[in-house]
Amino acid sequence: MEIRNDWTKEEIAAIYNRPFLELIYDAATIHREFHAMGEVQVCTLLSIKTGGCPEDCAYCPQAARYNTGVDVQALMQTEEVLAYARRAKNAGSTRFCMGAAWREVRDNRDFDRVLEMVKGVNELGMEVCCTMGMLTEEQAKKLSNAGLYAYNHNVDTSEEHYSDIITTRTYDDRLKTLGNVRKAGISVCSGGIIGLGETHDDRIGMLHTLATLPVHPGSVPINALVRVAGTPLQDNPKVDIWDMVRMIATARLIMPSAMVRLSAGRAEMSISDQALCFMAGANSIFSGDKLLTTPNPAFDEDNAMFKLLGLKAREAFKEEKVLVD
Ligand code: SAM
Ligand code: DTB
Ligand code: SF4
């Protein structure tokens, strides 16, 4: 199958709306063509700067304007972060993602410290990723030179639904940062969240945005909303697992070579729910009992799940290895 970035919304809708079993059968078939079935990349997240964010993202526990009980924490020290990364590596993680609750990166001493962290994690031989809000082209280049492998910046939802969720920046701002990341030669990690009160059309629109970028993101996180008390979306209904699987399967079919990450929301999913997600083409999870600020399944539970489903943790930098072999 060829990789296309000229998908129409109608074509994506037709895939998303297929009978469920046909959809996951086809997604699993394409998955086997592009990836080793049963191989799942284990990643670790660390919140290096927590809370107090000036943005108004309606889902986010770290926005200063909502009372969510998240303690504000200044940027961590480099050594402390590297100690976490080492522990994550020893526990089998091959990707380490550092999150900062910033609207955008500023050229200051904090940024210099992040560059040091990136360098240190890269030297451990892990894929190093950051998610810190908007970036200029120069900042992206500096991160790239420090050894950054990927940058996470989600489009979150469709362009049409965006202003119902966030008013302090625009969809275009998001796309501009993704362009800056790509131009700096950093792998783009971009996906979204379901459960924000969006329609099926919004979900299809979001997947259309991602699948028609000049180059598909190397990594597409699909998050199920974690409903946090104090945020405007606290009372939203729980995400339907069938919808989550449909999103994953559609992402797999239209962006076959991307890593599709089963991201937030696993704490509320059973093992059989997650098995369907892996069947439908998800090939990565976040490990450890905390995402950035919200709960995630415990390490031992995930180990037991890998054993039960016969899943194998994927090695770091797999694509590069295949290229040089
Ligand atoms: N401040 C940066 C930004 O917004 O890009 C980086 C950190 S932000 C927490 C990273 C991503 O986490 C968001 O784009 C969103 O997709 C996801 N996220 C945040 N809160 C969430 C929640 N309650 N449930 C699911 N995903 C969430
Ligand atoms: C992504 O798409 N999901 C991860 C990662 N990128 C940074 C974060 C999910 C955060 C969930 C809410 C929290 O724990 O604060
Ligand atoms: Fe801030 Fe990012 Fe949370 Fe939005 S998602 S409030 S930008 S930390």
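Attention here is on the structure that accompanies the text. Keep in mind it's a predicted model, so treat the numbers as computed, not measured.

## Focus: the overall build of the protein
For step 1, the next point in the chain: Scanning the protein for helices and strands turns up 12 helices and 10 strands.
For step 2, the next point in the chain: By the compact-globule yardstick of 20 Å for 325 residues, the protein fits well, its C-alpha radius of gyration being 18 Å.
For step 3, the next point in the chain: Its C-alpha atoms give the protein principal-axis dimensions of about 50 × 45 × 40 Å.
For step 4, the next point in the chain: A total of 325 residues make up the protein; the buried ones form 58% of that total.
For step 5, the next point in the chain: Only carbon and sulfur atoms are counted for the fraction: they give 51% of the accessible area of the protein, which is about 14,100 Å².
For step 6, the next point in the chain: Computing the positive centroid from 35 side-chain charges and the negative centroid from 44, the protein places the two 4 Å apart.

## Observations concerning the site of ligand 2
For step 1, the next point in the chain: Close to ligand 2 lie L45, P61, T131, N152, N154, P221, N223, F286, L291, L292, T293 and T294, which account for all nearby residues.
For step 2, the next point in the chain: Within the contact set of ligand 2, an oxygen atom lies 2.8 Å away from a side-chain nitrogen or oxygen of N154.
For step 3, the next point in the chain: Between ligand 2 and N223 there is a distance of 2.8 Å, counted from an oxygen atom to a side-chain nitrogen or oxygen.
For step 4, the next point in the chain: Alone, ligand 2 offers 400 Å² of accessible surface; in the complex the protein occludes 89% of this.
For step 5, the next point in the chain: Classifying every residue of the shell around ligand 2 gives six nonpolar, six polar and no charged.

## Topic: a negative patch on the surface
For step 1, the next point in the chain: Side chains of D107, D112, E116 and E138 sit close together on the surface and give a patch of like negative charge.
For step 2, the next point in the chain: Tracing the backbone through its elements, the reader meets E116 in helix α4 (residues 109–123).

## Regarding the packing of aromatic side chains
For step 1, the next point in the chain: According to the stated counting rule, one finds two aromatic pairs in the structure shown.
For step 2, the next point in the chain: Ring geometry for Y162 and Y171: centres 5.2 Å apart, planes at 70 degrees, overall edge-to-face.
For step 3, the next point in the chain: One cation-aromatic arrangement involves R4 over W7; the distance from NZ or CZ to the ring centre is 4.2 Å.

## Focus: helix α8 (residues 200–211)
For step 1, the next point in the chain: For α8, which comprises 12 residues, the first-to-last C-alpha distance of 16 Å matches the rise-based estimate of 16 Å (1.5 Å per residue) to within 8%.
For step 2, the next point in the chain: Of the positions making up α8, those classed as buried are D202, R203, I204, G205, M206, L207, H208, T209, L210 and A211.
For step 3, the next point in the chain: Of the surrounding elements, those touching the buried residues of α8 are α1 (9–16), α6 (159–165), α7 (171–183), β6 (192–194), β7 (219–224) and α9 (241–254).

## Comments concerning unusual backbone geometry
For step 1, the next point in the chain: At D156, a residue that is not glycine, the phi angle is positive and equals roughly 70 degrees.
For step 2, the next point in the chain: Counting through the fold element by element, D156 comes out in the loop between β4 (150–152) and α6.
For step 3, the next point in the chain: The class of D156 is buried, set by a relative accessible area of 3%.

## Here we look at the site of ligand 3
For step 1, the next point in the chain: All residues adjacent to ligand 3 are C53, E55, C57, Y59, C60, A63, A101 and R169.
For step 2, the next point in the chain: For the shell around ligand 3, the residue count by class is six nonpolar, no polar and two charged.

## Section: the pattern of salt bridges
For step 1, the next point in the chain: The final tally for this structure, using the stated rule, is 19 salt bridges.
For step 2, the next point in the chain: The residue D243 makes a salt bridge to R203 at a minimum N-O spacing of 3.0 Å. Of this pair, D243 sits in helix α9 while R203 sits in helix α8, placing them 40 residues apart in sequence.
For step 3, the next point in the chain: Its relative accessible area of 9% is what places R203 among the buried residues.
For step 4, the next point in the chain: When salt bridges with common partners are traced through the structure, they connect E55, R103, E104, R106 and R169 into a single cluster.

## Some points on the packing of α8 against α9
For step 1, the next point in the chain: Viewed as axis vectors pointing N to C, α8 and α9 meet at an angle of 25 degrees, and their least axial separation amounts to 11 Å. Classified by the angle their axes make, α8 and α9 are roughly parallel. For α8 against α9, the interelement crossing comes out right-handed. Contact residues: H200, R203, M206, L207 and A211 in α8; D243, M247, T250, A251 and I254 in α9.
For step 2, the next point in the chain: Split into classes, the residues belonging to the contact of α8 with α9 amount to six nonpolar, two polar and two charged.

Analysis parameters
Starting afresh in each chain, residues are numbered from 1 along the sequence in its written order. Whichever chain is written first becomes A and whichever ligand is written first becomes 1, with later ones labelled in order. In keeping with the predicted nature of the model, local features appear solely for residues at pLDDT of at least 70, side-chain atom pairs appear and are counted solely at 80 or more, and the whole-chain, interface and lining totals rest on all residues. Working from all heavy atoms in the structure, the side-chain values ignore hydrogens and water. The numbering of helices and of strands both runs from the N terminus, where a helix is a DSSP run of H or I of at least 4 residues and a strand a run of E of at least 2. Every radius of gyration here is taken over C-alpha atoms, with the globule rule written as 2.2 Å times N^0.38, N being the number of residues. Relative accessibility under 20% of the residue-type maximum defines a buried residue, over 50% an exposed one, and the middle range a partly exposed one, all with a 1.4 Å probe and only protein chains included. Residue exposure ignores everything except the shown protein chains as possible cover, and the areas themselves are Shrake-Rupley values with a 1.4 Å probe. Positive charges are assigned to Lys and Arg, negative charges to Asp and Glu, while His and the chain termini are left out of the count. Where a charge sits is defined by one atom per residue type, namely NZ (Lys), CZ (Arg), CG (Asp) or CD (Glu). The nearness test applies per residue and asks whether one of its heavy atoms lies within 4 Å of the molecule or strand. N or O atoms closer than or at 3.5 Å make up a polar contact, with two conditions inside protein: a donor-capable atom paired with an acceptor-capable one, and, for residues adjacent in sequence, both atoms drawn from side chains. Throughout this entry, Asp, Glu, Lys and Arg are counted as charged residues, while Ala, Val, Leu, Ile, Met, Phe, Trp, Tyr, Cys and Pro are counted as nonpolar. The remaining residues, Gly among them, count as polar. Residues enter a patch when their relative accessible area is above 30% and they make no salt bridge; the linking distance is 9 Å between like charges and 5 Å between nonpolar side chains (Val, Leu, Ile, Met, Phe, Trp, Tyr). Basic side-chain nitrogens of Lys or Arg form a salt bridge, by our definition, when they fall within 4 Å of a carboxyl oxygen of Asp or Glu. Classification of ring pairs rests on two measures: the distance between centres of Phe, Tyr or Trp rings, Trp counted by its six-membered ring, which must be within 6.5 Å, and the angle between planes, read as stacked under 30 degrees, edge-to-face over 60 and tilted in between. Charges are assigned to positions over rings by a cutoff of 6 Å between ring centre and Lys NZ or Arg CZ, combined with an angular limit of 35 degrees from the ring normal. Here a helix's expected span is defined as the number of its residues, less one, multiplied by 1.5 Å. For this analysis, residues touch if any pair of their heavy atoms sits within 4.5 Å. Comment: axis = line fitted to C-alpha atoms, over the contacting stretch for helices; angle = value between 0 and 180 degrees taken between N-to-C directions. Under this scheme an angle from 65 to 115 degrees is roughly perpendicular, one under 35 degrees roughly parallel, and one over 145 degrees roughly antiparallel; angles in between are oblique. If you view the pair so one helix is near and one far, a crossing is left-handed when the near helix is turned anticlockwise from the far one by less than a right angle, and right-handed when it is turned clockwise.

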